[in-house]
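Next come the chains, spelled out residue by residue.
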Amino acid sequence: MRVIPTLLAAGLSVVATIGLAGCATTVDMTPAKGSNDPACAEVSVRLPGSVDGQSRIWTDAQATGAWGNDGSAILLRCGVTPPGPTEAKCISLGGVDWIVDETQAPKYLVTTYGREPAVEVFIDNEAVSSNEVLTQLGERVVQNATTSVAACTNVESLEQDATAG
């Protein structure tokens, strides 16, 4: 009679271990201040299973997404503070205007411009093509889930930006 409780305990232990091991692939992220915006929920449900050949990895924060072997090739957060007027590089990909922060190149922090709520994407350009990532996320997610309220006035052409991605 003692064998059954022992087997049950061992089985539960294995299930718990497997469950905890599954959590090891969850990317730890901080939600944006505006992540509770209903449009961010719409962004979240539209996140694709893969972007530029990188598989999605689950995150532990609301309105976020991650892709890549360790979840660091592409990181997305919805509900960030929208950028104001800027002289920073602005590109238009996937039907969306993006402000590009190149200070950590070849890793780029790219934020939607003129969209509510704002979405930021951190891209490791050594692992993926920034142009492909922004095109895919723009067309599949951002363009359909957020509202356009403004546009960049000086948009760099895709041909000029193609050398960066």
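In the block above lies the structure referred to throughout.
Residues numbered from 1 in each chain as written. Predicted model: local features only at pLDDT ≥ 70, side-chain atom pairs only at ≥ 80, totals over all residues. Heavy atoms only, no water.

Undergrad: Even after reading the chapter, I still don't get the state of the cysteines, so can you show me in this structure?
TA: Note on terminology: a disulfide is the covalent bond linking the sulfur atoms of two cysteines. Taken as a whole, this structure holds two disulfides when the rule is applied. Through a disulfide, C40 is tied to C78; the S-S separation comes to 2.2 Å. Here the S-S torsion is close to -80°, and the disulfide linking C40 with C78 is therefore left-handed. Note that C40 is positioned in helix α2 (residues 38-46) and C78 in strand β4 (residues 74-80), a separation of 38 residues in sequence. Comparing C40 with C78, the two get one shared label, buried. Bridging C90 to C152, the disulfide has an S-S length of 1.8 Å. In this structure the cystine formed by C90 and C152 twists about its S-S bond by roughly 80°; its chirality is therefore right-handed. (Disulfide = S-S within 2.5 Å. Helix = DSSP H or I, 4+ residues; strand = E, 2+ residues; numbered from the N terminus. Buried < 20%, exposed > 50% of the residue type's maximum accessible area, 1.4 Å probe, protein only.)

Undergrad: What is the right way to read the layout of surface pockets from this model?
TA: Where empty space is left becomes clear once a probe the size of a water molecule has been rolled over the atoms. Of the volumes computed, that of the largest pocket is approximately 170 Å³. In terms of lining, the largest pocket is formed by 13 residues, of which the most central are T86, A88, C90, T153 and N154. Each residue belonging to the lining of the largest pocket can be placed in one class, and the counts come to seven nonpolar, three polar and three charged. (1 Å grid on protein atoms, 1.4 Å probe; cavity = no way out; pocket = protein on both sides within 12 Å on 5 of 7 lines; lining within 4 Å. Points joined across faces, edges and corners; volume = space filled by probe spheres on them. Nonpolar A, V, L, I, M, F, W, Y, C, P; charged D, E, K, R; others polar.)

Undergrad: Would you mind going over the pattern of salt bridges with me for this structure?
TA: Any two side chains of opposite charge can pair, on the condition that their charged atoms come close. Under the definition given, this model contains three salt bridges. Of the charged contacts, one joins E42 and R46 as a salt bridge, the two residues approaching to 2.8 Å between their closest N and O atoms. Here R46 and E42 lie together in helix α2, a separation of four residues that amounts to about one turn. The exposure class assigned to R46 is partly exposed, which follows from its relative accessible area of 32%. Here K89 makes a salt bridge to E102, at a shortest N to O gap of 3.3 Å. Linking K89 in strand β5 (residues 89-93) with E102 in the loop between β6 (96-101) and β7 (107-112), this pair joins segments that are 13 residues apart in sequence. With relative accessibility at 16%, the residue K89 sits in the buried group. (Salt bridge = Lys/Arg side-chain N within 4 Å of Asp/Glu carboxyl O.)

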